[in-house]
Every structure is written in C-alpha cells, then in structure tokens.
2 protein chains.
Amino acid sequence: METLAILVAAGRGERMGAGRPKAFLAVAGQTLLVRSARALRAAPSVGAIVAVVPADALEEARGLLDASVPGCVVVAGGGRRQDSVKAGLDAMPEGFEGVVLVHDAARPFVPADVVEAVAAAAREHGAAIPAVPLTDTVKEVQGARVMGTLDRGRLAAAQTPQAFRRDVLSRAYGRAFADSITVTDESMAVERLGLPVVCVEGSARSRKLTTPDDLEWAERLVQDGNA
Amino acid sequence: METLAILVAAGRGERMGAGRPKAFLAVAGQTLLVRSARALRAAPSVGAIVAVVPADALEEARGLLDASVPGCVVVAGGGRRQDSVKAGLDAMPEGFEGVVLVHDAARPFVPADVVEAVAAAAREHGAAIPAVPLTDTVKEVQGARVMGTLDRGRLAAAQTPQAFRRDVLSRAYGRAFADSITVTDESMAVERLGLPVVCVEGSARSRKLTTPDDLEWAERLVQDGNA
C-alpha cells in the first residue's frame, strides 16, 4: 500500500517570537521545512510529499525544497490546521487509496523507524499515532480551581506523523467540516467517529519545536551529531 | 501566618542515568539540593526549611546545606514521595499551624514570586499549587488504543511548591495513609477529600529536571545569567 505525506508548515510560530512562519526558521543553517521533509523522505515507505505552507511563502518554500528534497508538491494552507491538512488532501492524486501521513514541520527530527511504525499500524488498523508518556502531573482545572488529578498511566502525549488510510481520513475530515468542528489534530477527527486509532511508540527526539528553548535544544542535537 | 517548607530531595533520579540521588547532581557546580533550598530561602515569607533526603545521604546533605543555606533541618525520607513528605511533616514544630510548602529539589529555579503567590493562596483557601498550561495534545489511552482527546483548556501541569495550611495537609495525609492510597502529589490527597485547591501561575523556569536534556537546559540558564 503506497504511503504519501502531508507536511504541515503553515503555522505562524508566534511562541517563537521570531516574526515569521516557524517552518522557515533554521537549525544549524537548515530550515525546519527542509529538515522535516528530509526526515520523511528517509523513511523507505514514504512516496510523494505535499508541503502545505503560508500562501505568501509558496515561492520561498518551492526554492528551498527543490534545492534539497526535489519532487515535493507545495501548496498554500489555510487559517486553521485542519484547513491546511484539507489543502494537502485535495492535492493528493485522485483515486489514491493508500496511507496518508500528516506531519508537523515543527518536528524535524522524527526517526525513520517511527514513521515506518505508524504507517504500518495505519495500514493494519486504519489510523495510528506516535505517542509518548506524559512526565507532568496533570490536573483537571475549572478556571483557577483544581477539580482532580488525572491518572497519568491512562494519558499519552500525541506526536506526528499521524497516519491514516486515505478513506478513513477523508471520511473523518468530511464529518468534522460538515459539523463545523475544530480539531486539534487529525486523530481527533477519527476518534469522534468512533473508529479505532492505535498508538505506536513515539520518540523524545521528535519533540515539537515551539519555544526559543526548543530551538536551542535542536541546535545542540545537530552539533552533537545526533541529528 | 508563618510559612515552613519541606524540600523533597529523596528521589533516586533514575531517568538521569547518573547512578546517584538526583538532588546531589550539580548544575554549574552547585547541587540541586542547595539551589532549591536557596530558591525557597529567597522568598521573604519562608521561615524554616526541612530537607528530606535518602537515609544514606544525611551527612552529605547536612554538610552541603550548612555551608550555604545554614539553619535547614535535614531528615531521612521514605520509599514513596508521600513517605518522605510525612517525614518532613513529622519534623515540623509541634503545634505549628501556619502554611506548609512542599517543594521538589528537582525544581531549583522556582522564582520567589511563585513561592510567595502559592503561599498566599494557601493562607486564603487552604491549599494551592502553581500550574502551567500543557503544550501537548493529550490523549486518553487504554493500552495501545486511543480513547479520546482531552480538552487542553481544562488541563494544567502541576508544579511545586504546593502549599497547604498545616491542618489541611495533616488531615489529607492522615486519610491517604489510613486508606492506603498512593498519591502522586500532595494536592491529590487534598482533592480526594473534596477540599478546595486553587491554582496560581507557575513558571517555565520552574521546570522539573528529569533527564540529561533538562540538566543541559539548566546549565545554560545559569551560564546565561538567568538563574
């Protein structure tokens, strides 16, 4: 079963405080956009990659990708994450019935074995995500009042790429849009249909780069030869 | 109302892979134990500090603390976190009815204003914790199956120091021990009695140092003059 990837790179990256889309920030001289595309390409089963970027950055993204990860399709994203993923889905070849990966450009160091594992799990179960245990003690709150402590053993932090059989993702997205629901990740659209989503083991290296602290961590990872 | 602090430094720190209790690891030449005690002492309302350490590290801890944060009481902890906190409570002056702070030695950079805010909130409401928003998308899981996505707006990650009026913490702990319940933090013992616990704003600087990555982050914080 063929596997295609949607690389979501349309976020504004406001928590970085860098004044430009996060995917165009560089770690050790290479943008997160290019690093993430290369990480996906490094997984043997990944075929085409569709990168979804801000409309005003289409040409820049094409230039960057053509120079180092040739063959990517680049399309303009929308206002919400799900609008960008929809744009990526619309750019898939008609009749494609394989596995679709949806990956954040803000996770440039995802290991190839995580990509392969999540794709394989989606082939078998329809939908899969990489996940890691939470290290925090998580409270349920209502305003400033603590309502209770969640059982950490029953919680996991979702990473990407999330993986879906095309028909499962299309159906879940169709319903989310029809119901005017905003989802925080693709898995959530599938969960609300009651369809199975399974976890595979994520990786600490696939940390989402959100703050300047995260970028420093990434610089060290590259400098230390671990990326 | 007087405020006393229990500094929990009895953890084995296995995720650090350093082969010794975490609180005795150093950041820029100073142990987490001493840094945390100094952070508590920097808060004007904090009076006595009771440090709870592994039984085989009592003398070492006394030496370290006497040299830089004189006046701390040092006692031996137990197997679980709550056994160590109980040992700290038992070392409090008899009849003490002020506010008790319980702080992790693994959070050496807690700002004094967070300590003051949580102590003040406990004075007023009986129990308070510092908390920060979660950045992850959190899934509820059952084994390898994703059961749903939690509403991040209703979740918070608990930090320390957690703060309690002595009577509230003693009662909550008494019940937790009587019921043979293991709690992951002190707040949980209070929550299960249905007593109010309020949140104050935590701080990214008060990150819990759990992995070698966290220690590197801490080294940079000190080197950059931010600690």
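Residues numbered from 1 in each chain as written. Chains lettered and ligands numbered in written order. Predicted model: local features only at pLDDT ≥ 70, side-chain atom pairs only at ≥ 80, totals over all residues. Heavy atoms only, no water.

## Observations regarding the overall build of chain A
Right, on to step 1. When its secondary structure is counted, chain A shows seven helices and 12 strands.
Right, on to step 2. Once the C-alpha set of chain A is aligned to its principal axes, its extents read approximately 50 × 40 × 30 Å.
Right, on to step 3. When each of the 227 residues of chain A is scored for burial, the buried share is 54%.
Right, on to step 4. Once local pairs closer than 6 in sequence are excluded, the contacts in chain A between residues at least 24 apart make up 70%.
Right, on to step 5. Accessible surface, chain A as shown: approximately 9200 Å² in total, 49% of it carbon and sulfur.
Right, on to step 6. If the 26 positive side-chain charges of chain A are averaged to one point and the 28 negative ones to another, these points end up 3 Å apart. (Helix = DSSP H or I, 4+ residues; strand = E, 2+ residues; numbered from the N terminus. Buried < 20%, exposed > 50% of the residue type's maximum accessible area, 1.4 Å probe, protein only. Contact = heavy atoms within 4.5 Å. Areas by Shrake-Rupley, 256 points an atom, 1.4 Å probe, with all protein chains shown as cover. Lys, Arg positive; Asp, Glu negative; His and termini not counted. Charge placed at Lys NZ, Arg CZ, Asp CG, Glu CD.)

## Structural notes on the packing of aromatic side chains
All names here are of chain A.
Right, on to step 1. Tallied over the full model, the rule gives four aromatic pairs over all chains.
Right, on to step 2. Seen in terms of ring centroids, phenylalanine 109 and tryptophan 217 are 6.2 Å apart; in terms of plane orientation they differ by 75°. Their pairing is edge-to-face. Of the two residues, phenylalanine 109 is situated in the loop between strand S6 (99-104) and helix H4 (112-125) and tryptophan 217 in helix H7 (residues 212-223); the sequence distance between them amounts to 108 residues. Grouping residues by exposure puts phenylalanine 109 and tryptophan 217 together as buried. (Phe/Tyr/Trp six-rings, centres within 6.5 Å; stacked < 30°, edge-to-face > 60°.)

## Looking at the pattern of salt bridges
Any two side chains of opposite charge can pair, on the condition that their charged atoms come close.
All names here are of chain A.
Right, on to step 1. Counting across every chain of the model gives 32 salt bridges over all chains.
Right, on to step 2. Taking the shortest distance from any N to any O, the salt bridge between aspartate 90 and lysine 86 comes out at 3.3 Å. Taken together, the residues aspartate 90 and lysine 86, both in helix H3 (residues 81-90) and four residues apart, mark about one turn of the helix.
Right, on to step 3. Note on aspartate 90: relative accessible area 55%, which makes it exposed. (Salt bridge = Lys/Arg side-chain N within 4 Å of Asp/Glu carboxyl O.)

## Quick word on the pairing of strand S8 (residues 138-142) of chain A
Right, on to step 1. Alignment of S8(A) against strand S10 (residues 155-158) of chain B, held across three bridges, turns out to be antiparallel. Residue pairing for S10(B): A:Val138 is matched across the bridge by B:Ala157.
Right, on to step 2. As defined by bridge partners, S8(A) adjoins strand S9 (residues 145-149) of chain A across four bridges and the pair is classed as antiparallel. Within S9(A), the position partnered with A:Gln142 by the bridge is A:Arg145.
Right, on to step 3. In this structure, the hairpin formed by S8(A) and S9(A) is closed by a connection of two residues, where A:Gly143 is found at a positive phi of approximately 60°. (Pairing = 2+ DSSP bridges.)

## Some thoughts on the environment of B:Ile129
Right, on to step 1. Examined against the element boundaries, B:Ile129 turns out to sit in strand S7 (residues 127-132).
Right, on to step 2. By relative accessible area, B:Ile129 is classed as buried at 0%.
Right, on to step 3. B:Ile129 sits 73 residues away from B:Gly202 along the chain, and the two C-alpha atoms are 8.3 Å apart.
Right, on to step 4. Here B:Ile129 is in contact with A:Lys139, A:Val146, B:Val118, B:Ala158, B:Gln162, B:Ser187, B:Val197, B:Val198, B:Cys199 and B:Val200, once residues within four sequence places are set aside.

## Here we look at the interface of chain A and chain B
Right, on to step 1. Each partner contributes residues to the interface: chain A has 39 residues there, and chain B has 38 residues.
Right, on to step 2. For the chain A and chain B pair, buried surface summed over both sides reaches about 3300 Å², with 47% attributable to carbon and sulfur atoms.
Right, on to step 3. Of all residues in chain A, A:Lys139, A:Arg154 and A:Arg220 give up the largest surface area on contact with chain B, accounting jointly for 18% of the area buried on that side.
Right, on to step 4. Put simply, chain A and chain B have eight salt bridges between them.
Right, on to step 5. Across the salt bridge formed by B:Glu140 and A:Arg154, the nearest N and O atoms sit 3.0 Å from each other. (Buried area = accessible area lost by both parts, 1.4 Å probe.)

## With respect to the relation of the copies chain A and chain B
Right, on to step 1. Overlaying chain A with chain B gives an RMSD of 0.0 Å, the required rotation being 180° about an axis along which the chain moves by 0.0 Å. The relationship between the two copies is best expressed as a two-fold rotation axis. Nearest to the rotation axis, the C-alpha of A:Trp217 is located 3.9 Å from it, this being the minimum over chain A.
Right, on to step 2. Comparing interface residues between copies, 97% of those in chain A also sit at the interface in chain B, which points to an isologous, same-surface contact. (Least-squares fit on C-alpha atoms with pLDDT ≥ 70 in both.)

## Quick notes on the packing of helix H1 (residues 32-41) of chain B against helix H2 (residues 58-68) of chain B
Each pair of packed helices gets described by two things: the angle between the helix axes and the distance between those axes.
All names here are of chain B.
Right, on to step 1. Where H1 contacts H2, the axes come no closer than 10 Å and their chain directions differ by 45°. It follows from the interaxial angle that H1 and H2 lie oblique. Judged by the twist between their axes, the crossing of H1 over H2 is right-handed. Between H1, through Leu33, Val34 and Ala37, and H2, the contact on the second element is made entirely by Ala61, Leu64, Leu65 and Ser68.
Right, on to step 2. Taken together, the residues of the contact of H1 with H2 sort by class into six nonpolar, one polar and no charged. (Axes fitted to C-alpha atoms, helices over the stretch in contact; angles between N-to-C directions. Parallel < 35°, antiparallel > 145°, perpendicular 65-115°, else oblique. Left-handed = near helix turned anticlockwise from the far one by under 90°. Nonpolar A, V, L, I, M, F, W, Y, C, P; charged D, E, K, R; others polar.)

## Description of the environment of A:Glu201
Residues and elements named next belong to chain A.
Right, on to step 1. Along the polypeptide, glutamate 201 turns up in strand S12 (residues 198-201).
Right, on to step 2. Owing to a relative accessible area of 70%, glutamate 201 belongs among the exposed residues under this scheme.
Right, on to step 3. Along the sequence, glutamate 201 and alanine 119 sit 82 residues apart, while their C-alpha atoms lie 12 Å from each other.

## Topic: the confidence of the model for chain A
Right, on to step 1. Taken as a whole, chain A shows an average pLDDT of 94; of its residues, 100% reach a score of 70 or greater.
Right, on to step 2. Two numbers describe this predicted complex: its pTM, 0.89, and its ipTM, 0.93. (pLDDT = per-residue confidence, 0-100.)

## Observations regarding helix H5 (residues 166-178) of chain B
All names here are of chain B.
Right, on to step 1. Taking 1.5 Å of rise per residue, 13 residues should cover 18 Å, and H5 covers 18 Å from first to last C-alpha, within 8% of that figure.
Right, on to step 2. Along H5, the residues that are buried comprise Arg166, Val168, Leu169, Ala172, Tyr173 and Ala176. Relative to the axis of H5, the buried residues are bounded by an arc of 160° and lie together on one face. Those residues of H5 that are exposed and aimed more than 90 degrees away from the buried face are Arg171 and Ala178.
Right, on to step 3. For H5, the elements touching its buried residues are helix H3 (81-90), strand S6 (99-104), strand S11 (162-165) and helix H6 (186-191).
Right, on to step 4. Phi turns positive, to about 55°, at serine 180, one or two residues after H5. (Expected span 1.5 Å × (residues − 1). Arc of directions from axis to C-beta.)

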